Amino acid sequence: SSGVTNRPFTMSNSTPVTDNEKKKSKGNKSPCSPSRVLHIRQIPNGVTGAEVASLGLPFGKVTNLLMLRGKGQAFLEMASEDAAVSMVNYYTPVTPHLHNQPIYIQYSNYKELRTDNQHNQTRPQAALQGVNAVQHGNLGSTTALAAEGGVFPRHGSVLRIIVENVFYPVTLDLLYQIFSKFGFVLKIVIFHKNNQFQALLQYSDAMTAYYAKMSLDGHSIYTGCCTLRIDFSKLTHLTVKYNNDKSRDFTRIDLPFGDGQRTMDTSLSTPFATQNTVFPSYTGPPGFAPALGFPQGAGPSVPPGPGPLTVTSSAAPGHMTIPGIPGNSVLLVSNLNPEAITPYGLFILFGMYGDVHRVKIMFKKRGIALVQMADATQAQLAITYLNGQRLYGRVMHATLSKYQTIQLPREGQDDKGLTKDYTNSPLHRFKNSGSKNFQNIFPPSATLHLSNIPPSVTVDDLKNLFTSKGSTVKGFKFFQKDYKMALIQLGSVEEAVHALIELHNHDFGENQHLRVSFSKSSI
């Protein structure tokens, strides 16, 4: 056995966990000092280690886990303090639930969770047993999840899906409905091969793909049929040329339908609209449970049930327990630095992933803001790329808001300039459906792409401009074929985010404005 019962767990100061932390856990307060070790309380009986670990997966690697059976407690160690901070920030306003019961998460006073290697069991062996246990969906009370380099096997973000015993229709939209419960689905391609229904599905990151595989492999979409067999594909990414019934790129609403294909219903061109419009109203044949075990439009909080595939709120924290409305385009952005953040800064940064219509910084809580995007697709893109990003020294959190729109202040009402309307801004990057900007959406990176550089501006001019805003310039390169464009590499991703906010649309004079965006390349 790889159990805790045989191998005591200790914290980094070698003090046994159980008694010390039990005393500390009586109060509800989080200690002020963040730690990558989190203390989880009031866990219902019957909750597995895999379910507890799943709480941390959306925020980063889980590097260790200790379940205290009979005490309703656990300790979860994240790979980095930033990941732990993101997790606590997310779950503080949105209480997580396991088996329909609320649980509570706070920082531990300890900085590290480690195992004493008795019975000659090395960490890699323990990690391997942990992975195997997770893969089979039942982590015994006891498994330490990680070894050097983290728990999870090296794999990409593309899944290969085979649907067996296809007794009833399985469509691209149905797969999207099922798999998007675990995270942001970028692309899907469906096809028939060897007389089997198959699909390739690309997530925004490998961790989400891992957890979706772990949770869905072997489940049936409908009772007794349409069974999912899921593996990791050898492909690192999918190339989608057409948006239609057979292939879809959810980040590119501008793609053509392709020749000879039935064009999509207009409601499908906005893949994050409400469930009633995005997905077919077909809920399965008479006598069979509806897909996923939830009725159309019911939302994601579904109690677990036997038989058909049921996605519960514990399946994908960070995506499932969001109190927002599917199809909503208003984001709640929290843990902002109130001394540094401005509506314009949020407009520029979130404008990398869609057209920002309105921004509101809360009057009484300056560390919280609402950002209204043009549509729900753009809102989801912004969450995918900006949630967990450091901004002005803090780890920013972005999720869907419960509000459908941002109200502008009444005439004569002074809100200190904290609410801004950018609906008609000339700086929107995605106004034109054919714009190249749709093809150049990348995560925040230390390397920035500069364009619209006037001929009179030199390398030194640009380096000095960025240095004057507090950036450390590590590299610079003009494009050989076009000296209006260049790459500049800064000291960190956070520096690049600050520089983009400060210098996008910088005026060189004579109506020439610098354009700045994140680059997929480095120098």
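This one's a predicted model, so the numbers in the text were calculated from it and none came from an experiment.

**Looking at the pattern of salt bridges**
Applying the stated criterion across every chain yields a total of 10 salt bridges. For K416, the salt bridge is made with D414, and the minimal N-O distance between the two is 3.7 Å. Given a relative accessible area of 56%, D414 falls into the exposed group. The network of salt bridges with common partners includes D82, R390 and E494.

**Topic: the sheet that holds strand β21 (residues 419-421)**
Read across the open sheet, the 5 strands follow the order β20-β15-β17-β16-β21; overall the sheet is antiparallel. Two strands close off the open sheet at either side, each with one partner strand: β20 (397-400) and β21. Neighbour-to-neighbour, the strand axes of this sheet turn through a mean angle of 20°, independent of strand direction. The strands that helix α8 (residues 343-350) touches are β15 (330-334), β16 (356-361), β17 (369-373) and β21; relative to β16, the one it contacts most, it runs at about 140°.

**So, the side chain of S233**
Counting through the fold element by element, S233 comes out in the loop between β13 (225-232) and β14 (247-249). A polar contact of 2.9 Å, which involves the side chain of S233, links it to the backbone nitrogen of L235. Not counting residues up to four positions away in its chain, the partners in contact with S233 are V158, L159, R160 and L200.

**Comments concerning the sheet that holds strand β3 (residues 62-68)**
With antiparallel pairing, the 4 strands of this open sheet are ordered in space as β3-β4-β2-β7. This sheet does not close on itself; its edge strands, each paired only once, are β3 and β7 (104-107). Taking each pair of neighbouring strands and ignoring which way they run, the sheet shows an average axis angle of 20°. Summarising the sheet, β3 and strand β4 (residues 73-78) pair through 6 bridges and their orientation is antiparallel. In the strand pairing of β4, N64 is matched with E77. Across the sheet, helix α3 (residues 81-91) is in contact with β2 (37-41), β4 and β7; its angle to β7 comes to roughly 140°.

**Overview of the nonpolar core**
Ranked by size, the top nonpolar core spans 60 residues in total, and within it I40, V52, M78, M87, I161, F179 and Y203 carry the most contacts. Both of domain 1 (37-112) and domain 2 (158-249) provide at least three residues apiece to this core. Residues in contact with V52, not counting those within four places in the same chain, are I40, I43, V47, L65, M67, A74, L76 and L98. M373, I453, I488 and L500 belong to the second largest nonpolar core, which has 54 residues in total.

What counts and what doesn't
- Residues numbered from 1 in each chain as written.
- Predicted model: local features only at pLDDT ≥ 70, side-chain atom pairs only at ≥ 80, totals over all residues.
- Heavy atoms only, no water.
- Salt bridge = Lys/Arg side-chain N within 4 Å of Asp/Glu carboxyl O.
- Buried < 20%, exposed > 50% of the residue type's maximum accessible area, 1.4 Å probe, protein only.
- Pairing = 2+ DSSP bridges.
- Helix = DSSP H or I, 4+ residues; strand = E, 2+ residues; numbered from the N terminus.
- Axes fitted to C-alpha atoms, helices over the stretch in contact; angles between N-to-C directions.
- Contact = heavy atoms within 4.5 Å.
- Polar contact = N/O pair within 3.5 Å; in protein donor to acceptor, adjacent residues only side chain to side chain.
- Core = buried A, V, L, I, M, F, W, Y, C linked by side-chain atoms within 4.5 Å.
- Domains from an automatic or database assignment.

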